[in-house]
Amino acid sequence: MHVQDMLAENEAAGRVGISFEFFPPKTAQGVQNLYDRMDRMHSLGPSFIDITWGAGGRLSDLTCEMVNVAQSVYGLETCMHLTCTDMPLEKVNAALSAAYKAGCTNILALRGDPPRDKEAWEATEGGLRYAKDLVKYIREKYGNHFDIGVGGYPEGADDNPDVDQLIDHLKEKVDAGSSFIVTQMFYDTDNFVEWVKKCRAKGITVPIIPGIMPISTYAAFIRRANWTKARIPPDWLEALEPVKNDDAAVKEIGKKLIADMCRRLLAAGIKHLHFYTMNLAQATQAVLEELKLIPSEETPLQRPLPWRPSLALNRRGEDVRPIFWRNRNSSYIARTQIWDEFPNGRWTDSRSPAFGELDAYGIGLKGTNEQNIKLWGEPKSIRDVTQIFVRYLEGELDRLPWSDSPISSEANVIKDNLVQLNSRGLLTVNSQPAVNGVRSSHPVFGWGPKNGFVYQKAYLELFIPPYLLDELIARIEKNPDLTYHAVGKKGEFRTNTRDSPNALTWGIFAGREIVQPTIVETISFLAWKDEAYRLGEDWAKCHDASSPSRKLIQDIMDSWYLVNIVNNDFHNTYDLFDLFDGLEVKDFDVEVVPDSVETKSQPNGAAPEEVAMKN
């Protein structure tokens, strides 16, 4: 969606719009951490984000990659910065082509700052000279595909302090085809309001979005203000100077100062606030909380589907997804991006020659070995493993190998049942309760258009030891409402389903056919199986090759089965959990021992391999 359309939609609904700016980090780990932060900040309700462009496109490949990931994986409407300083035309063309292919429909066209090795700005031979030239070029080449924004400077620019002349230049950029303006950061609200009036008097009618820089530390606040030559109101300095060495106090006072500035902007008729996050979350979130602009349970973000849709160009109509990847959105998008059939917006066609290919995708475990050991510890028995899963269910851990995100509020309905299962050694990796016709605006289960009703079947997915499989399947097959898939690492497969998709989630809305966005079906479960066992093996490999933890986790992956069960009676959740009454995991407290332990040290003279956990 175009920025100008998002602004108009928010204004029509009486909402204050917000957006966030991020910049490409310098390290690979920084990039991954920023993706996680962007994903979490999605819950703050931004209409869009934008991603900056280094001088001369120094980080241009990373900018393009981040735009693609934000659009396709995280479903964030993204505006890509693009500068023409020190940029040959072929590089501009490559950036625009990458943005187009990623489904990005918004560009912030800037002249840009000179590279650090050049004292003054200069145009590249054969390149574009000014931002207005870049705007014209994009319009000529792509028509109205891109909504094009430009920069505004209420307090002047480095190379031109003449504000009135800069407004004339801004009018030229708008006349060239720009449809919105984002300003440089500022703290002088009165000056900004007067500047907007001058812009309007010059005939600039497009939306003007103020750039807001939250305050995190005193030193950073002063440094950024000096860097941009932003005027600081004297009363701000009077409030911050006495506590400048107390970061917590600076954040608290800074939050109130920025929030008060935002209130004055809104009172002056501004409808949208753009936050320069500096890739940090807390200061921006604190301001939004102070302004009461964060969606709450009373005013939830309306989800179009029960999962976050991809905004990649060829996936915008995608309205069905296998449930197996509900907690690993990133790997699902990455794995299926060349599953090359999307008929009628459906998720894939298993006949594709690319279906199920693993080697090219980043499906592995997140985090370094050290980070994961610190998070999950060094389990030596099944009980130790179950405690990790229970801590996740209790909200003490923010991820598991099979889930990139914390436990959702949806699980609260069945949390006690999940805790009980995991405490007994049955390791759950995915689940949902039954839902029988709640409003689509429900703060936990709701999705889709307003005034609809949504439904879902109870679902459970877990790892179980092989000696429990036959008994579990026998119990499942006694209940005609239950269907299942079970598979081992080597592909041993059993099911009582016909090979057709089974809708797990559906919605009924006025004037529309029934929407069935979440499914279970055989071919995608078998593709997920490879990823699920790979993730467990990656977890095992976080530990030294001779360690008890590695042996324990690897043995579970080598011998246990991955099972999913659906209760097709959507009125009923608990039959799934009753299935496991009396089922027990053996060797619950037996610890795995390392290879270096000698036989004589074992209790009762048992050899190490006899003491090791076996299933």
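Note that the structure is predicted; figures quoted are calculated from it, not measured. (Residues numbered from 1 in each chain as written. Predicted model: local features only at pLDDT ≥ 70, side-chain atom pairs only at ≥ 80, totals over all residues. Heavy atoms only, no water.)

1. Describing the overall build of the chain
And then number 1: Helix and strand counts for the chain come out as 20 helices and 18 strands.
And then number 2: The 615 residues of the chain split such that 53% are buried.
And then number 3: For the chain, the proportion of contacts with a sequence separation of at least 24, taken over those separated by at least 6, is 73%.
And then number 4: If you sum the accessible surface of the chain, you get close to 27,500 Å²; carbon and sulfur atoms cover 48% of it. (Helix = DSSP H or I, 4+ residues; strand = E, 2+ residues; numbered from the N terminus. Buried < 20%, exposed > 50% of the residue type's maximum accessible area, 1.4 Å probe, protein only. Contact = heavy atoms within 4.5 Å. Areas by Shrake-Rupley, 256 points an atom, 1.4 Å probe, with all protein chains shown as cover.)

2. Some points on the packing of aromatic side chains
And then number 1: Overall, the coordinates contain 22 aromatic pairs when judged by the stated rule.
And then number 2: Residues tyrosine 35 and tyrosine 74 carry aromatic rings whose centres are separated by 6.0 Å and whose planes lie at 40° to one another, so their mutual orientation is tilted. Here the residue tyrosine 35 occupies a position in helix α2 (residues 28-41), and tyrosine 74 occupies one in the loop between α3 (60-72) and β3 (78-83), the gap between them amounting to 39 residues. The residues tyrosine 35 and tyrosine 74 share a single accessibility class, namely buried. (Phe/Tyr/Trp six-rings, centres within 6.5 Å; stacked < 30°, edge-to-face > 60°.)

3. Brief notes about the sheet that holds strand β12 (residues 453-456)
And then number 1: In spatial order, the strands read β9-β17-β16-β12-β11; together these 5 strands make up an open sheet with mixed pairing. Edge strands, defined here as strands with exactly one partner in the open sheet, are β9 (321-322) and β11 (435-439).
And then number 2: Note: strand β16 (residues 502-508) against strand β17 (residues 515-520), 4 bridges, orientation antiparallel. Each bridged residue has a counterpart across the sheet, and for asparagine 502 the counterpart in β17 is valine 520. (Pairing = 2+ DSSP bridges.)

4. Quick word on the sheet that holds strand β13 (residues 458-464)
And then number 1: Taken together, the 5 strands give an open sheet; going across it, the order is β10-β13-β18-β14-β15, and neighbouring strands pair in antiparallel fashion. Each edge of the sheet is formed by a strand with only one pairing partner; in this case those strands are β10 (427-432) and β15 (493-495). Taking the axes of each pair of neighbouring strands and ignoring which way they run, one obtains an average angle of 10° across the sheet.
And then number 2: With 5 bridges joining them, β10 and β13 adopt antiparallel strand pairing. Bridge pairing in β13 places asparagine 430 opposite glutamate 461.
And then number 3: Against the sheet, helix α15 (residues 415-423) engages β10 and β13, with an angle of about 160° to β10. (Axes fitted to C-alpha atoms, helices over the stretch in contact; angles between N-to-C directions.)

5. Details of the environment of glutamate 537
And then number 1: For glutamate 537, the location among the structural elements is in helix α17 (residues 522-540).
And then number 2: Residues in contact with glutamate 537, not counting those within four places in the same chain, are Lys489, Gln554, Met557 and Asp558.

6. Quick look at unusual backbone geometry
And then number 1: One non-glycine residue, methionine 278, adopts positive backbone phi at about 55°.
And then number 2: As for its position among the elements, methionine 278 is in the loop between β8 (272-276) and α11 (282-290).

7. With respect to helix α8 (residues 218-228)
And then number 1: Among the residues of α8, those classed as buried are Tyr218, Ala220, Phe221, Arg224, Ala225 and Thr228. Viewed along the axis of α8, the buried residues span an arc of 165°, placing them on a single side of the element. Exposed and oriented more than 90 degrees from the buried face of α8 are Arg223, Asn226 and Trp227.
And then number 2: Of the surrounding elements, those touching the buried residues of α8 are β6 (180-185), α9 (234-240) and α10 (247-267).
And then number 3: Trailing α8 by a residue or two, lysine 229 shows a phi angle of about 60°, which is positive. (Arc of directions from axis to C-beta.)

8. Focus on the environment of isoleucine 148
And then number 1: On the secondary structure map, isoleucine 148 appears in strand β5 (residues 147-152).
And then number 2: For isoleucine 148, a relative accessible area of 0% puts it in the buried group.
And then number 3: On a C-alpha basis, the gap between isoleucine 148 and asparagine 106 in space is 5.9 Å, while along the polypeptide they are 42 residues apart.
And then number 4: Every residue in contact with isoleucine 148, bar those within four places of it in the chain, is listed here: Ile107, Ala109, Val135, Ile138, Arg139, Gly177, Ser178, Ser179 and Phe180.

9. Concerning the nonpolar core
And then number 1: Counting 163 residues, the largest nonpolar core has Tyr187, Trp402, Phe463 and Phe580 as its most contacted members.
And then number 2: Examining the composition of this core, we find that 8 residues originate from one element, α17, more than from any other.
And then number 3: When residues no more than four places from it in sequence are discounted, the contact partners of tyrosine 187 are Met213, Phe221, Ala225, Ala230, Arg231, Ile232, Pro233, Trp236, Ile258 and Met261.
And then number 4: In this structure, Leu305, Trp307, Trp447 and Phe509 belong to the second largest nonpolar core, which totals 6 residues. (Core = buried A, V, L, I, M, F, W, Y, C linked by side-chain atoms within 4.5 Å.)

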